Amino acid sequence: MPDIFTSTKPKLVGSKKVLYKDLPSNVHNPLSSIVFCPENLKFETMDGEEKIVLFLRKHWITNLGWILMCIVLFLTPTLVSSTEVLAEVPDNFRFIFMLIWYLISTAYFLESFLTWFFNVYIVTDERIIDIDFYNLIYKEISDANIDKIQDVTLKMGGAIRVLFNYGDVMIQTASEVPNFEFLSVPYPDKVVKVLQDLRMEEQQEAIEGRIR
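The structure presented is a predicted model; accordingly, all values stated were derived computationally and were not measured.

## Quick notes on the overall build of the chain
Working step 1: Each helix and strand in the chain was counted, giving 4 helices and 8 strands.
Working step 2: Listed by position from the N terminus, the elements making up the chain come as β-β-α-α-β-β-β-β-α-β-β-α.
Working step 3: Counting contacts in the chain only where the partners sit at least 6 residues apart, residues at least 24 apart contribute 57% of the total.
Working step 4: Just so you have it, the chain exposes about 12,400 Å², and 61% of that area is on carbon and sulfur atoms.

This is how it looks when you write it as structure tokens:
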């Protein structure tokens, strides 16, 4: 794995990277739910020397519900047309009904996908960032410095979560936003370990006077 931590505050280098060997690194797949030490990835409020350690979004399996719903929505007109339900409806009205139905179904698909795709959690060597996407014209970005983290809690329950290895990481901080929730993220135990390591290194740097 390439060492991208070349700033004055190197983190998670050397033997520690072995601890995260299960995490995909430098993945170029834009649909990845987790990437460790991604290259060429930027976000709006990123500082010049800041390095991204983890890029996260909800596990792909959490999309299964709305994907199945979309399949049902797109197949419904075909199933209805094969019956006599709309037999007495004029063709013009039937076409308009189908058009409106497919537009609503497409809007539901796009909203569900974009909500999953753009709701991301980022851990850098300096901060944790929670980007909440509400729609195309509004989003909310919250962040807190690593040294403000007071407690990190892992929540994983249920057969599906255990089988696919995803869960919730709850982070309590002393910043303006007291609580951060990384919901349904893959490898939650590894995420907690990364946060703990960064927190310890931040404390060590404070003791040694190496705070940037």
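## Remarks on the layout of surface pockets
Working step 1: The space that makes up the largest pocket amounts to roughly 520 Å³.
Working step 2: The wall of the largest pocket is formed by 25 residues, among which Leu41, Lys42, Phe55, Arg57 and Val120 lie closest to the centre.
Working step 3: Looking at the lining of the largest pocket, the element that brings in the most residues is strand β2 (residues 52-57), giving 3 residues.
Working step 4: Among the residues making up the lining of the largest pocket, the classes are represented as 15 nonpolar, 5 polar and 5 charged.

## A closer look at the side chain of Asp130
Working step 1: Counting through the fold element by element, Asp130 comes out in strand β4 (residues 127-135).
Working step 2: Despite being buried, Asp130 has no salt bridge partner; Lys58 is the closest side chain of opposite charge, sitting 9.9 Å away.

## A look at the sheet that holds strand β8 (residues 179-186)
Working step 1: Spatial ordering of the open sheet is given by β6-β7-β8, a layout of 3 strands whose pairing is antiparallel. The sheet is open, and its two edges are formed by β6 (149-155) and β8, each paired on a single side. Within this sheet the neighbouring strands show an average axis-to-axis angle of 15 degrees, counted without direction.
Working step 2: The pairing of β6 with strand β7 (residues 166-173) spans 6 bridges and is classified as antiparallel. Counted as the bridge partner of Val152 is Ile171 from β7.
Working step 3: Taken strand by strand, helix α4 (residues 188-208) contacts β6, β7 and β8, and its axis lies near 170 degrees from that of β6.

## Considerations on the sheet that holds β2
Working step 1: With antiparallel pairing, 5 strands are arranged side by side in an open sheet as β1-β2-β3-β4-β5. With one partner strand each, in any of the chains shown, β1 (34-36) and β5 (138-145) form the two edges of the open sheet. Strand-to-strand twist in this sheet, taken as the mean axis angle between neighbours without regard to direction, amounts to 10 degrees.
Working step 2: Both β2 and strand β3 (residues 120-124) contribute to a ladder of 5 bridges, which runs antiparallel. In the sheet register, Ile52 faces β3, and the bridge partner there is Thr124.

## Here's the deal with helix α2 (residues 91-118)
Working step 1: Relative to the 40 Å expected for 28 residues at 1.5 Å per residue, α2 spans 40 Å between its end C-alpha atoms, a close match to the ideal helical length.
Working step 2: All of the buried residues along α2 are Met98, Ser105, Ser112 and Trp116.
Working step 3: Elements in contact with the buried residues of α2: β2 and α1 (64-81).

Calculation rules
Residues numbered from 1 in each chain as written. Predicted model: local features only at pLDDT ≥ 70, side-chain atom pairs only at ≥ 80, totals over all residues. Heavy atoms only, no water. Helix = DSSP H or I, 4+ residues; strand = E, 2+ residues; numbered from the N terminus. Contact = heavy atoms within 4.5 Å. Areas by Shrake-Rupley, 256 points an atom, 1.4 Å probe, with all protein chains shown as cover. 1 Å grid on protein atoms, 1.4 Å probe; cavity = no way out; pocket = protein on both sides within 12 Å on 5 of 7 lines; lining within 4 Å. Points joined across faces, edges and corners; volume = space filled by probe spheres on them. Nonpolar A, V, L, I, M, F, W, Y, C, P; charged D, E, K, R; others polar. Buried < 20%, exposed > 50% of the residue type's maximum accessible area, 1.4 Å probe, protein only. Lys, Arg positive; Asp, Glu negative; His and termini not counted. Salt bridge = Lys/Arg side-chain N within 4 Å of Asp/Glu carboxyl O. Pairing = 2+ DSSP bridges. Axes fitted to C-alpha atoms, helices over the stretch in contact; angles between N-to-C directions. Expected span 1.5 Å × (residues − 1).

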